[in-house]
Amino acid sequence: MNKFMVVTRQVIRKNIKSPAYLFSLFFPVLIIAAIALFAFITNKTNQTPTIAITSNNVALRNALVESPTHGDYRVNKAISSERVAEKRLSHEKIDGYLNVTTTGQTVSAVYRQRTNGNSLDSDTLKNNLNTLKLRQAAQQLGLTAKQLQQLFAPASYKTQNVAYQNGVVRRQKSNQQGANLVVAFVVTFLIYMFIAMYTSMIAQETATEKGSHIMEILVSSVSPVTQFFGKVTGMLALIVLQVIITGIAGLIGMQYFNHNISFLGDFSFSQIQPGMVSVLVAYFVLGVMLYTVIAAMLGSMVTRQEEVSQALSPLTTVGMLAYVASFIAVNSNSLLIRIGSYVPFLSQSLMPVRYAVGNAALSEVWVSVAIAAIALVLMTWIACRVYQQHVLDYSNRRHWYQFGRKRRA
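Going by what an unreviewed UniProt entry lists, the protein chain is known as ABC transporter permease and is assigned to Furfurilactobacillus milii. UniProt, in the comment section headed Subcellular location (unreviewed entry), describes the protein chain in these words: "Cell membrane".

A separate point is the overall build of the protein chain. Of the regular secondary structure elements, the protein chain holds 16 helices and six strands. Across the protein chain, the fraction of contacts at a sequence separation of at least 24, relative to all contacts at a separation of at least 6, is 71%. For the protein chain, the computed accessible surface area is about 22800 Å², with 62% contributed by carbon and sulfur atoms.

A few words now on a nonpolar patch on the surface. Judged by side-chain polarity, Leu22, Phe23, Phe26, Phe27, Val29, Leu30, Ile31 and Ile35 come together as a nonpolar surface patch covering roughly 680 Å² of accessible area. Along the chain, leucine 30 falls in helix α2 (residues 19-45).

Okay, the sheet that holds strand β1 (residues 50-55) next. Backbone hydrogen bonds hold the strands of a sheet together, and the pairing may be parallel or antiparallel. Taken in spatial order, the four strands make up an open sheet running β2-β1-β3-β4, and their pairing is mixed. Lying at the two open borders of the sheet, with one neighbouring strand each, are β2 (74-75) and β4 (106-113). Inspection of the sheet shows β1 paired to strand β3 (residues 96-103) by five bridges, in the parallel sense. Within β3, the position partnered with isoleucine 51 by the bridge is glycine 96. Against the sheet, helix α4 (residues 82-90) makes contact with β1, β3 and β4, and its axis sits at roughly 160° relative to β3, the strand it touches most. In this fold helix α5 (residues 123-141) packs onto β1, β3 and β4, with an angle of close to 160° to the strand it touches most, β4.

Bringing the packing of aromatic side chains into the picture now. Counted under the stated rule, the structure contains 10 aromatic pairs. Ring centres of phenylalanine 228 and phenylalanine 229 lie 5.2 Å apart, and the angle between their planes is 85°; this geometry places the pair in the edge-to-face category. Taking 5.3 Å as the distance between ring centres and 80° as the angle between the ring planes, the aromatic pair formed by tyrosine 291 and phenylalanine 345 counts as edge-to-face. Taken together, the residues tyrosine 291 in helix α11 (residues 276-301) and phenylalanine 345 in the loop between α13 (335-340) and α14 (347-357) connect sequence positions 54 residues apart.

The subject of this paragraph is the packing of α11 against helix α15 (residues 362-390). Where α11 contacts α15, the two axes come as close as 9 Å, and the packing angle between them is 20°. Classified by the angle between their axes, α11 and α15 sit roughly parallel to one another. Once α11 is placed against α15, the crossing between them reads as left-handed. Considering only residue class, the contact of α11 with α15 consists of 23 nonpolar, five polar and no charged.

Where α11 contacts α14, the two axes come as close as 9 Å, and the packing angle between them is 170°. If you check the angle between α11 and α14, you find them roughly antiparallel. The handedness of the crossing between α11 and α14 comes out as left-handed. In this structure, α11 contributes Met276, Val279, Leu280, Tyr283, Gly287 and Tyr291 to the contact, and α14 contributes Ser347, Gln348, Met351, Pro352, Tyr355 and Ala356.

Thresholds applied
Residues numbered from 1 in each chain as written. Predicted model: local features only at pLDDT ≥ 70, side-chain atom pairs only at ≥ 80, totals over all residues. Heavy atoms only, no water. UniProt positions renumbered as here; feature names shortened; annotations may be inferred. Helix = DSSP H or I, 4+ residues; strand = E, 2+ residues; numbered from the N terminus. Contact = heavy atoms within 4.5 Å. Areas by Shrake-Rupley, 256 points an atom, 1.4 Å probe, with all protein chains shown as cover. Patch = residues over 30% accessible without salt bridge, like charges linked within 9 Å, V, L, I, M, F, W, Y side chains within 5 Å. Salt bridge = Lys/Arg side-chain N within 4 Å of Asp/Glu carboxyl O. Pairing = 2+ DSSP bridges. Axes fitted to C-alpha atoms, helices over the stretch in contact; angles between N-to-C directions. Phe/Tyr/Trp six-rings, centres within 6.5 Å; stacked < 30°, edge-to-face > 60°. Parallel < 35°, antiparallel > 145°, perpendicular 65-115°, else oblique. Left-handed = near helix turned anticlockwise from the far one by under 90°. Nonpolar A, V, L, I, M, F, W, Y, C, P; charged D, E, K, R; others polar.

In structure tokens form, the structure reads like this:
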């Protein structure tokens, strides 16, 4: 146990000091900081415009001034004439002014603004003007406020998301599928990112020690099996640390930007389908660890550090194809997608998306998780055996051929 902990601590100590790992560790924090800085600069440069409203119809002008602005603009109520508004605009005291002219039944409006002033989102101002025009027309036609309200009351409209499982309808909350998909895509992206990063790290770790012949010294004091599990455990500790920092950065970012980004403002973890979090955690752990133990095995089979990328390319390609296929799984539940969601090395990306869109029941998910867990145990045993046999093998013959010969022997 002491030797196992020594190897684990060595892996953690060596990698946690590397610039590449530190950059990837704090990359989410840097992204949040960059977005926060951009939002700060944007808020400082895009301030709420101050405008004036003038009109030859005093009642219409007063009603428009008192209409709610929803924070899109501020009205300087003291300016009521077009001559004064133009003077204030030329002296850059206001950002623009709206002049409303009524001629009989016709209402026309012109908004005049400075090119170097704060820009105006005119939707609210237009809606207020149209609403007042409708009220004026309704009064002239003799319609009451209740009749006007009934006339322009919008139709009731809502969306229901349903999923069919074995011919039975399973209704979801209207915003549940969107929340499920977002969380599923975020986690599958993190799975692919962690796979690409940590498979390279553990393979390089083994190949470097083997290529420099340090492995011969290590094997004399620590058995290859202890080394293997120590390295995998050390990588798992580094993964947990990065997940924690990424999660904290993500939560802080959501809290900070939920008022600035409309989607985040409407997002809530209560919208996520029950069981979704546990499913994603299970696939994250199983998927990343499955690729990591295979990468450790491949790292022990190369003779030089330069061969690591070539040895890992089939593994990383499979991970990339699984991630790309997850986008197809959103709109497709074909036979290949259904089969792939049960296949280890693919299921960590396909099954969470299928479950998020309602194409897979929770029972199917746990069957897939069980298959992935069995595959992890089996591949860990195989990887450990291969690591033990090849960690001191410096021959230049094809590695899979060597492995096959030693297995037959």
